[in-house]
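Fold and geometry: a report
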Amino acid sequence: MNSIRIKKFFIILGIPFIFQACFVSKDYKRPEGIVLEEDLFRTNILLQDTTSMAEVSWREMFTDPLLINHIEEGLNNNIDIRVAVQQIAAAEAYVKQGKAGYLPTLGLAAGVNHQILSRNSQFGSFFDGSITQYEATGNLSWEADIWGKIRSNDRASQASYLQTAAAHQAVKTELIASIASMYYQLLALDKQLEITLETIETRKSSLETTKALKEAGTVSEVAVKQTEAQLYRARAVVVDIENNIRLMENALSILLGDTPHDIERTDLARQQITTELQAGVPGQLLRNRPDVIASEYNLINAFELTNVARSSFYPTIRLTASGGFQSLDIAELFNANSLFANLAGSLAQPLLNQRRIRTQFEVAQAQQHIALLDFKRSLLVASREVSDALYNYEAAVEKINLKSEEYGAYELATTFSEELLNNGLANYLEVLTARENALNSQLELVNERFNRLNAIVELYRALGGGWQ
């Protein structure tokens, strides 16, 4: 009889392996609707090279040694980066749990059970009214992954981990771009401050000249006061620029993971980004841009969780075993005669469960569709950001040329109008207008030089550069 029972047990044990080919879980394939067309990027720049600047390391992208030091400091100390690292650690723990799903569960227990019996009962008089039993037991349970439920859970946890890792890379990309952008903006503000301070010195000299012309009867007191007003206006611009510099330094300090402090830096004229502007082909966004990568892993996670929900419609086969020692005398607990064992196999098929399984499956399908839409949106956002950066770069380059010509014209106009005024041949209002236009044009030219650098940084970020 015992041999027959053992044979039956092993037949039950072999059932899961017979049905291994019956997985209801599906394998993920990238949706057919995700097609990256050649015209995904809207630009006037010819994109013929498959090389993308996103594949260039940020250490090669940026040449300013102080900027490189700041980026390294930010990557080491930034709070968002450190949070992302801890999120990766948490996701890794779930991956380990998912892989352990194939293993059986094992539990150990020890206990004492004291029972007071009725003296008139069957065992009451025999055990003198009470019984104490000591136990040391072990329980083993294993679920057969016939329908791929455990496998899908494992894949879902792996996709979640990879999504978290890609999110960490996205944080790095954003951080590097933000540090570089703020650094260049600080250099632009420094240059604007330098220009405005030089203008103040020039206007002080002009004020003295205007006072002398008034004494000579060439101009009136109105001209003197207008010159003074221009001087005060320039000083007010200095206040604004210095305040903006402090605010920008404070913001950059926080990105570096430190309290607000002075930021060491060089100057705008020394900034050279020699990396060739290459956006590559649109398909490279799927392997270079971290947020796009993360959104696809989120889709894979939702896809596998749908597999898990689908497998819940099918029967569950579970094998359990328990055994250990039981004895009425603790001294005899670990005696061979105290051994006991129990083997069992079960098959459970859900029938009526208040629609819980159907609801879980429908919710999983809806969440998978949402994840697909998020994936498509991430590609659309990426295409817009790349296109914007390319157009911003083109516009900045063109405006630098135009603003340089504009500033040259205003500078000559200022020089000519001052000479004419000194000879009594010009209206003083023309001189004031020329000076103000020259200053504004020079400040705007600095802005366009910053915009050019910033457009390169934004293109680098939009293509997914920085995390490699």
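Our subject is the structure that appears above.
Given the structure is predicted, the values throughout are model-derived calculations rather than measurements.

A look at a nonpolar patch on the surface
- On the surface, Leu 106, Leu 108 and Leu 140 cluster together to form a nonpolar patch covering roughly 360 Å² of accessible area.
- Looking at where Leu 106 falls in the secondary structure, it is placed in strand β1 (residues 105–116).

Overview of the packing of helix α6 (residues 221–255) against helix α10 (residues 428–462)
- Running from amino to carboxyl end, α6 crosses α10 at an angle of 10 degrees, the nearest separation of the two axes being 10 Å. Here α10 runs roughly parallel to α6, going by the angle between their axes. Contacts from Ala 223, Gln 226, Thr 227, Gln 230 and Arg 233 of α6 reach α10 at Tyr 428, Leu 432, Arg 435 and Glu 436.

Description of the nonpolar core
- Counting 56 residues, the largest nonpolar core has Phe 62 and Tyr 184 as its most contacted members.
- Taken together, the elements giving at least two residues each to this core come down to α2 (58–61), α3 (65–77), α5 (149–215), α6, α9 (356–422) and α10.
- The leading source of residues in this core is α5, at 15 residues.
- Val 292, Ala 302, Ala 371 and Phe 375 belong to the second-largest nonpolar core, a separate cluster that totals eight residues.

Structural notes on α10
- For α10, which comprises 35 residues, the first-to-last C-alpha distance of 50 Å matches the rise-based estimate of 51 Å (1.5 Å per residue) to within 8%.
- Just beyond α10, the residue with positive phi is Gly 464, at close to 95 degrees.

Observations concerning the side chain of Asp 64
- Mapped onto the fold, Asp 64 is located in the loop between α2 and α3.
- Buried and unpaired, Asp 64 has Arg 270 as its nearest opposite-charge partner, separated by 6.0 Å.
- Within the structure, Asp 64 has its side chain in polar contact with the side chain of Gln 271 (distance 2.8 Å).
- Those residues within four positions of Asp 64 in sequence are excluded, and the remaining contacts are Tyr 183, Thr 266 and Gln 271.

Rules used throughout
- Residues numbered from 1 in each chain as written.
- Predicted model: local features only at pLDDT ≥ 70, side-chain atom pairs only at ≥ 80, totals over all residues.
- Heavy atoms only, no water.
- Patch = residues over 30% accessible without salt bridge, like charges linked within 9 Å, V, L, I, M, F, W, Y side chains within 5 Å.
- Areas by Shrake-Rupley, 256 points an atom, 1.4 Å probe, with all protein chains shown as cover.
- Salt bridge = Lys/Arg side-chain N within 4 Å of Asp/Glu carboxyl O.
- Helix = DSSP H or I, 4+ residues; strand = E, 2+ residues; numbered from the N terminus.
- Axes fitted to C-alpha atoms, helices over the stretch in contact; angles between N-to-C directions.
- Parallel < 35°, antiparallel > 145°, perpendicular 65-115°, else oblique.
- Contact = heavy atoms within 4.5 Å.
- Core = buried A, V, L, I, M, F, W, Y, C linked by side-chain atoms within 4.5 Å.
- Buried < 20%, exposed > 50% of the residue type's maximum accessible area, 1.4 Å probe, protein only.
- Expected span 1.5 Å × (residues − 1).
- Lys, Arg positive; Asp, Glu negative; His and termini not counted.
- Polar contact = N/O pair within 3.5 Å; in protein donor to acceptor, adjacent residues only side chain to side chain.

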